[in-house]
Amino acid sequence: MYKKVITLTEFILKEERNFTGSTGSFTLLLTQIENASKIIASHIKKAGLVDILGQTGQKNAYDEEVQRLDEFSNHLLVDILSESGQAHAIASEELDKPFFIKKHSGNYTVFLDPLDGSSNIDININVGTIFSIYRKSESFLEPGIKQVAAGYIIYGPSVIFVYSCGNGVNGFTLDPSMGSFLLSHPNIRIPKRGSIYSVNEGYFPLFSKKDQDYIGSFKDAIKPYKLRYVGTMVSDVHRTLLKGGVFMYPADSKHSQGKLRLMYEVNPMSFIMQQAGGMAISNGKNPLDIVPSDFTQKVPVVMGSKEEVEKYMEL
Ligand code: P6P
């Protein structure tokens, strides 16, 4: 029996029709991100076989070692988006400053974490790409609430493309035999509560008393929560989105604002969480309401199921 499968391209086109006056520009931009993710996925699959592993010996704006695959993914995404004619500017975790497109400039600003969790590449653990899209604006940095779309691609046993442009969250799995992403997770809704908490317990002694008490509440629960922590935000957030529970990257006594970047990681993932019925909190407020001070700004974050995040707010 013929069963219509919906490709990501068809889905984006259908969504485009929901936006009056849409010109197809956003569709083309998102399709180019899709195309780049397929190329990145294919390189990751054979990372162990070609001389693309290891470090470049360079450091990024956060003084972190740049992995070769980081650099490759960044160059690829910047090139493809620059050529798309739809991007006005591209800001990437791997670039010291935003890249403003002169020729074929477009209407959108894209913030990218080209290869999130890249230090896990060499041990064959999932990595991801995170993107966050704004309309071109005078003030380059805008609060996350102004995002027109956000999403991620998780490169794991399957390659899954998850995104939202404000009408809920949908996930698409790459069918390698067709080279197309097919709708596999329609209308993702995060469970109201979960049974997993996700945090780097190694830093527990450095956390605030409030964060320690919050984490302790999962261990002391009548039915204790499970701890799952991959160390790749895309993986930890994806699991939280599908299974429920909470992911957190708190501030600690050595990092007053934690490690995750507002523009590249916290805003897109908070947007997705909220679109799926979940919540996110940074320094006591919705991360999407934070007026960014600069594009490398870091914020602590707790995100996930309503019940777990509300419990954090009550502390
Ligand atoms: P830690 C990866 O380097 C990353 O930016 C996120 O993907 C991840 O959530 C976090 O850092 C892991 O940091 O300090 O627990 O190793």
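Rules and cut-offs
- Residues numbered from 1 in each chain as written.
- Predicted model: local features only at pLDDT ≥ 70, side-chain atom pairs only at ≥ 80, totals over all residues.
- Heavy atoms only, no water.
- Helix = DSSP H or I, 4+ residues; strand = E, 2+ residues; numbered from the N terminus.
- Rg over C-alpha atoms; globule rule 2.2 N^0.38 Å.
- Buried < 20%, exposed > 50% of the residue type's maximum accessible area, 1.4 Å probe, protein only.
- Lys, Arg positive; Asp, Glu negative; His and termini not counted.
- Charge placed at Lys NZ, Arg CZ, Asp CG, Glu CD.
- Pairing = 2+ DSSP bridges.
- Contact = heavy atoms within 4.5 Å.
- Axes fitted to C-alpha atoms, helices over the stretch in contact; angles between N-to-C directions.
- Domains from an automatic or database assignment.
- Buried area = accessible area lost by both parts, 1.4 Å probe.
- Salt bridge = Lys/Arg side-chain N within 4 Å of Asp/Glu carboxyl O.
- Polar contact = N/O pair within 3.5 Å; in protein donor to acceptor, adjacent residues only side chain to side chain.
- Near = heavy atom within 4 Å.
- Areas by Shrake-Rupley, 256 points an atom, 1.4 Å probe, with all protein chains shown as cover.
- UniProt positions renumbered as here; feature names shortened; annotations may be inferred.
- Phe/Tyr/Trp six-rings, centres within 6.5 Å; stacked < 30°, edge-to-face > 60°.
- Lys NZ or Arg CZ within 6 Å of the ring centre and 35° of its normal.
- Parallel < 35°, antiparallel > 145°, perpendicular 65-115°, else oblique.
- Left-handed = near helix turned anticlockwise from the far one by under 90°.
- Nonpolar A, V, L, I, M, F, W, Y, C, P; charged D, E, K, R; others polar.

The next point concerns the overall build of the protein chain. Counting its regular elements, the protein chain contains seven helices and 15 strands. Scaling as 2.2 N^0.38, a compact globule of 315 residues should have a C-alpha radius of gyration of about 20 Å, and the protein chain matches this with 19 Å. For the protein chain, the spread of C-alpha atoms along the three principal axes comes to 55 × 55 × 45 Å. Counting every position in the protein chain, which comprises 315 residues, the buried fraction comes to 54%. Charged side chains in the protein chain number 33 positive and 34 negative. The centres of these two groups are separated by 5 Å.

Pairing is mixed in the open sheet, where five strands are placed in the order β12-β11-β13-β15-β14. Whereas interior strands pair on both sides, the edge strands pair on one side only; in this sheet they are β12 (226-227) and β14 (279-281). The sheet contact formed by strand β13 (residues 246-249) and strand β15 (residues 301-304) spans four bridges and is antiparallel. Bridge pairing in β15 links Phe 247 to Met 303. Along the sheet, helix α4 (residues 209-219) contacts β11 (196-198), β13 and β15; its crossing angle with β13, the most-contacted strand, is approximately 150 degrees. Helix α7 (residues 306-314) rests against β13, β14 and β15 of the sheet, and its axis sits at about 25 degrees to β14.

Another aspect to go through is the domain arrangement of the protein chain. According to the domain assignment, the protein chain consists of domain 1 (8-185) and domain 2 (196-314). Summing the contributions of domain 1 and of domain 2, the shared interface buries around 2,900 Å²; its carbon and sulfur component is 67%. The largest per-residue losses of area from domain 1 upon contact with domain 2 belong to Tyr 62, Leu 141 and Tyr 152, which jointly make up 22% of the total buried on that side. Our count for the domain 1 to domain 2 interface comes out at one salt bridge. A salt bridge links Glu 93 to Arg 261; its shortest N-O distance comes to 3.6 Å. One can count eleven residue pairs in polar contact (both at pLDDT 80 or more) joining domain 1 with domain 2. Looking at the side of domain 1 that touches domain 2, the element that brings in the most residues is strand β6 (residues 127-135), giving seven residues.

Lining the immediate environment of the ligand, one finds 14 residues, of which Asp 116, Tyr 203, Tyr 229, Met 233 and Tyr 249 sit closest. The contact in question runs from an oxygen atom of the ligand to an N or O atom on the side chain of Lys 259, over 3.0 Å. Within the side chain of Glu 265, one N or O atom sits 3.3 Å away from an oxygen atom of the ligand. Here the ligand loses 85% of its free accessible area of 400 Å² to cover by the protein chains.

Attention shifts here to the UniProt feature "domain: Fructose-1-6-bisphosphatase class 1 C-terminal" (unreviewed entry) in the protein chain. The positions UniProt marks with the feature "domain: Fructose-1-6-bisphosphatase class 1 C-terminal" (unreviewed entry) are residues 190-313. In the segment residues 190-313, helix accounts for 35% and strand for 13%; the C-alpha atoms at its two ends are 18 Å apart.

Under the counting rule described, the total for this entry stands at 18 aromatic pairs. Their ring planes at 90 degrees and their centres at 6.5 Å tell us that Phe 140 and Phe 295 sit as a pair that is edge-to-face. Placement of the pair is Phe 140 in the loop between β6 and β7 (149-155) and Phe 295 in the loop between β14 and β15, with a sequence separation of 155 residues. Taken as a pair, Phe 140 and Phe 295 share a single burial class, namely buried. Lys 210 extends its terminal NZ or CZ atom over the ring of Tyr 312, reaching a point 4.3 Å from the ring centre. Geometry around Phe 204 places Lys 219 over its ring, the cationic atom sitting 5.0 Å from the centre.

What follows is about the UniProt feature "binding site: Mg(2+) 2" (unreviewed entry) in the protein chain. In this structure's numbering, the residues bearing the UniProt feature "binding site: Mg(2+) 2" (unreviewed entry) are Asp 113, Asp 116 and Glu 265. A maximum C-alpha distance of 8.8 Å is found for the annotated residues, which run over 153 residues; spatially they form one tight group. With relative accessibility at 5%, the residue Asp 116 sits in the buried group. Those residues in contact with Asp 116 that sit more than four places away from it in its chain are Val 127, Gly 128, Ile 130, Thr 232, Met 233, Val 234 and Glu 265. Tracing the chain through its elements places Glu 265 in helix α6 (residues 262-275). Given the relative accessible area of 2%, Glu 265 is considered buried. In contact with Glu 265, not counting residues within four places along its chain, are Glu 93, Asp 113, Asp 116, Ile 130, Met 233, Lys 259 and Leu 260. At 2.7 Å, the side chain of Glu 265 forms a polar contact with the backbone nitrogen of Arg 261.

In the contact formed by helix α2 (residues 25-45) and helix α3 (residues 68-84), the axes pass within 10 Å of each other and the chain directions differ by 155 degrees. Relative to α3, α2 is oriented roughly antiparallel. The two elements α2 and α3 cross, and the hand of that crossing is right-handed. From α2, Leu 28, Leu 29, Gln 32, Ile 33, Ala 36, Ile 39, Ile 40, His 43 and Ile 44 reach across to α3, where they touch Leu 69, Phe 72, Ser 73, Leu 76, Leu 77, Ile 80, Leu 81 and Ser 84. Here the residues of the contact of α2 with α3 are counted per class, giving 13 nonpolar, four polar and no charged.

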